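# An overview of the molecular structure
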Amino acid sequence: MSLPTNLAYTEEHEWIEDRGEIARIGITEHAASALGDIVFVQLPEVGDKIEAGQACGELESTKSVSDLFAPVTGEVVTINEAVVDDPAVVNSDPYGEGWLIEVRVSETGATLTAQQYSELISE
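This one's a predicted model, so the numbers in the text were calculated from it and none came from an experiment.

In terms of regular secondary structure, the chain is built from four helices and nine strands. From first element to last, N terminus to C terminus, the chain shows the α and β order β-β-β-α-β-β-β-β-β-α-α-β-α. At 13 Å, the chain has a C-alpha radius of gyration in line with the 14 Å of a compact globule built from 123 residues. The buried share among the 123 residues of the chain stands at 41%. Of the contacts made within the chain by residues no fewer than 6 positions apart, 60% connect residues no fewer than 24 positions apart. With the model as given, the accessible surface of the chain reaches about 6,300 Å², and the carbon-plus-sulfur share is 44%. If the 5 positive side-chain charges of the chain are averaged to one point and the 24 negative ones to another, these points end up 6 Å apart.

Right under this line is the structure:
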């Protein structure tokens, strides 16, 4: 399982790519694999305020429904419409085309390095 080292991770299995004032957010390959085939994605709207540690969306798979937790506090500036139209992209490319939202960050929640996240999921 790949874990890009340029990303930060959360204990709730989200990743964050720091792009300066904007952060791109998605779920990890581990989470996508555990969920199974993702068939529906509910994301916050552009302009919505999200708060680190709080649910801000849902991912529905053939197995279950899972909350998407905000790893940062801020304003949603972009949602990935390609994922809304074809949720399977999250399974096939979770760190690339399967990103979920971009947020103008005012505060970042607790994060893990790739090494720390790797240790968390191997427990």
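The next thing to look at is the pattern of salt bridges. Two side chains that carry opposite charge are able to pair once their charged atoms sit near each other. Scanning all chains against the criterion turns up six salt bridges. Here Glu-102 ties to Arg-19 by a salt bridge, and the two come within 3.5 Å at their closest N and O atoms. Here Glu-102 is found in strand β9 (residues 101-108), whereas its partner Arg-19 is found in strand β2 (residues 14-19), with 83 residues between them in sequence. On the basis of relative accessible area, Glu-102 is assigned to the buried category, the value being 10%. With a relative accessible area of 41%, Arg-19 lands in the partly exposed category. The salt bridge involving Glu-21 is made with Arg-104; its shortest N-O contact spans 2.6 Å. One end of the pair, Glu-21, is in the loop between β2 and β3 (22-27); the other, Arg-104, is in strand β9, and 83 residues separate them in sequence. Of the residues examined, Arg-104 reaches a relative accessible area of 36% and is grouped as partly exposed.

Reading the values: the criteria
Residues numbered from 1 in each chain as written. Predicted model: local features only at pLDDT ≥ 70, side-chain atom pairs only at ≥ 80, totals over all residues. Heavy atoms only, no water. Helix = DSSP H or I, 4+ residues; strand = E, 2+ residues; numbered from the N terminus. Rg over C-alpha atoms; globule rule 2.2 N^0.38 Å. Buried < 20%, exposed > 50% of the residue type's maximum accessible area, 1.4 Å probe, protein only. Contact = heavy atoms within 4.5 Å. Areas by Shrake-Rupley, 256 points an atom, 1.4 Å probe, with all protein chains shown as cover. Lys, Arg positive; Asp, Glu negative; His and termini not counted. Charge placed at Lys NZ, Arg CZ, Asp CG, Glu CD. Salt bridge = Lys/Arg side-chain N within 4 Å of Asp/Glu carboxyl O.

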